[in-house]
Amino acid sequence: MFTGIVTDIGTISDLEQEGDLRVRIQTGYDTSGIDMGASIASDGVCLTVVDLGPDWYDVQVSAETVSKTNLSAWAVGRRVNLERALRVGDELGGHIVSGHVDGVAEVVSVVDEGDSTRVQLRAPEGLARFIAPKGSVALNGTSLTVNEVQGDVFGINFIPHTKEVTTWGDVAVGDAVNLEIDTLARYVARLAEAG
């Protein structure tokens, strides 16, 4: 369980296909406090730590996860948003995020507005109905508020702080973005379907 509040920006330092994809992520986290088997959201994908070093951790990624996320675009040098799993007593600063990506959205517009940046994304088929104005989404692991929705396109506004402490300062048209819809929206839709 996560909140979508990014606490570090990691860098992919190695990728190796060995049955599953093995990825090494350089981090600013104190890795002596990370347990083997711990869950760390990496660009919003809950991944399990399988090895540790002084300033890095390794994860194994199944072909299923690669096919459902933007991890197929990961390359050495890519920066990724990181968040460690919640512990009892941690602040819930964003919203409840599972780290289970629902689909990949595409950035269709990036426009600076003052110091902020407005980004429009196209939701994958079938997921747009779960996205509502002033609702929450997790994009590449970042808890964000939706500004507007028009069909399958929705808008997000990034303030300078968010662009500085996440990878959102690097956003570009055409980027593939991991999208996790709000858990509450999923249950509300399910109840509405049940009548």
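These remarks concern the structure in this document. Counting restarts for each chain, with residues numbered from 1 along the sequence as it is written. With the structure being a predicted model, the display of local features is reserved for residues of pLDDT at least 70 and the display and counting of side-chain atom pairs for 80 or more, all residues being used for whole-chain, interface and lining totals. The basis for every side-chain value is the complete set of non-hydrogen atoms in the structure, without hydrogens or water.

**Comments concerning the overall build of the protein chain**
Scanning the protein chain for helices and strands turns up three helices and 12 strands. In this setup the radius of gyration rests on C-alpha atoms only. A globule is expected at 2.2 Å times the number of residues raised to 0.38. Its C-alpha atoms give the protein chain a radius of gyration of 16 Å, within 12% of the compact-globule value 16 Å for 195 residues. For the protein chain, the C-alpha atoms occupy an extent of roughly 45 × 45 × 35 Å along the three principal directions. A total of 195 residues make up the protein chain; the buried ones form 42% of that total. If you take every contact in the protein chain between residues at least 6 apart in sequence, the share linking residues at least 24 apart comes to 68%. Total accessible area on the protein chain is roughly 9,700 Å²; 50% of this is exposed by carbon and sulfur atoms. Strands are runs of DSSP state E lasting at least two residues, helices are runs of H or I lasting at least four, and both sets are numbered from the N terminus onward. Throughout this description, buried means an accessible area under 20% of the type-specific maximum (1.4 Å probe, protein chains only), exposed means over 50%, and partly exposed covers the range between. Every residue pair with non-hydrogen atoms within 4.5 Å of one another is taken to be in contact. The method behind every accessible area is Shrake-Rupley, applied with a 1.4 Å probe, and residues are considered shielded solely by the protein chains displayed.

**What about the sheet that holds strand β3 (residues 39–42)?**
Any two strands with at least two DSSP-identified bridges between them are counted as paired. One closed barrel accounts for six strands, arranged β1-β2-β5-β4-β3-β6; its pairing is antiparallel. Recorded for the sheet is a direction-independent mean angle of 45° between the axes of neighbouring strands. Axis angles are defined between N-to-C directions and span 0 to 180 degrees, where every axis is a line fitted to C-alpha atoms and, for a helix, only to the segment in contact.

**Some remarks on the sheet that holds strand β8 (residues 116–122)**
Read around the barrel, six strands follow the order β7-β8-β11-β10-β9-β12 and close on themselves; strand pairing throughout is antiparallel. Taking each pair of neighbouring strands and ignoring which way they run, the sheet shows an average axis angle of 45°. Of the strand pairs in this sheet, strand β9 (residues 136–139) and strand β10 (residues 142–150) are connected by four bridges, and their pairing is antiparallel. Within β10, the residue paired with Ala138 across the bridge is Ser143.

**Comments concerning the environment of Asp175**
Here Asp175 shows up in the loop between α2 (160–165) and β12 (176–181). Take Asp175: its relative accessible area is 28%, and that puts it in the partly exposed class. Placed 105 residues apart in sequence, Asp175 and Asn70 show a C-alpha to C-alpha distance of 9.1 Å. In this view, Asp175 contacts Ala105, Glu106, Val107 and Asp170; residues no more than four positions away in its chain are not counted.

**Looking at the pairing of β9**
From the end of β9 to the start of β10, which pair antiparallel, there are two residues, and Asn140 there has a positive phi angle of about 50°. Pairing of β9 with β12 involves three bridges; the strand directions are antiparallel. Paired with Leu139 across the two strands is Leu179, which belongs to β12.

**Looking at the nonpolar core**
A general tendency of soluble globular proteins is for nonpolar side chains to be buried together. The definition of a nonpolar core used throughout is a set of buried Ala, Val, Leu, Ile, Met, Phe, Trp, Tyr and Cys residues joined through side-chain atoms within 4.5 Å. Leu121, Ile131, Val137, Leu139, Phe154, Ile156 and Leu179 are the most contacted members of the largest nonpolar core, which totals 22 residues. Counting residues per element, the ones that place at least two in this core are β7 (103–113), β8, β9, β10, β11 (153–158) and β12. In this structure, Ile25, Ala38, Ile40 and Val49 belong to the second largest nonpolar core, which totals 19 residues.

**Things to note about the packing of aromatic side chains**
A pair of Phe, Tyr and Trp rings is counted when the ring centres sit within 6.5 Å of each other, with Trp represented by its six-membered ring. The angle between the planes then sorts it: under 30 degrees is stacked, over 60 is edge-to-face, the rest tilted. Following the criterion strictly, the structure yields one aromatic pair and no others. Ring plane angle 20° and centroid distance 4.6 Å describe the contact between Phe158 and Trp168, whose orientation is recorded as stacked. Taken together, the positions of Phe158 in strand β11 and Trp168 in the loop between α2 and β12 put the pair 10 residues apart, joining distant regions of the chain. Judged by relative accessible area, which is 3%, Trp168 ranks as buried. Geometrically, a charge over a ring is one whose NZ (Lys) or CZ (Arg) sits within 6 Å of the ring centre while staying within 35 degrees of the ring normal. One cation-aromatic arrangement involves Arg24 over Trp56; the distance from NZ or CZ to the ring centre is 3.5 Å. Above the ring of Tyr29, the side-chain terminus of Arg84 is found at 5.9 Å from the ring centroid.

**Comments concerning the environment of Gly155**
Mapping Gly155 onto the fold places it in strand β11. Here Gly155 falls in the buried class, since its relative accessible area comes to 0%. Considering only alpha carbons, one finds Gly155 and Gly19, 136 residues apart in sequence, at a separation of 38 Å. Leaving out residues up to four positions away in the same chain, Gly155 has contacts with Val119, Gln120, Thr145, Val146, Asn147 and Glu148.

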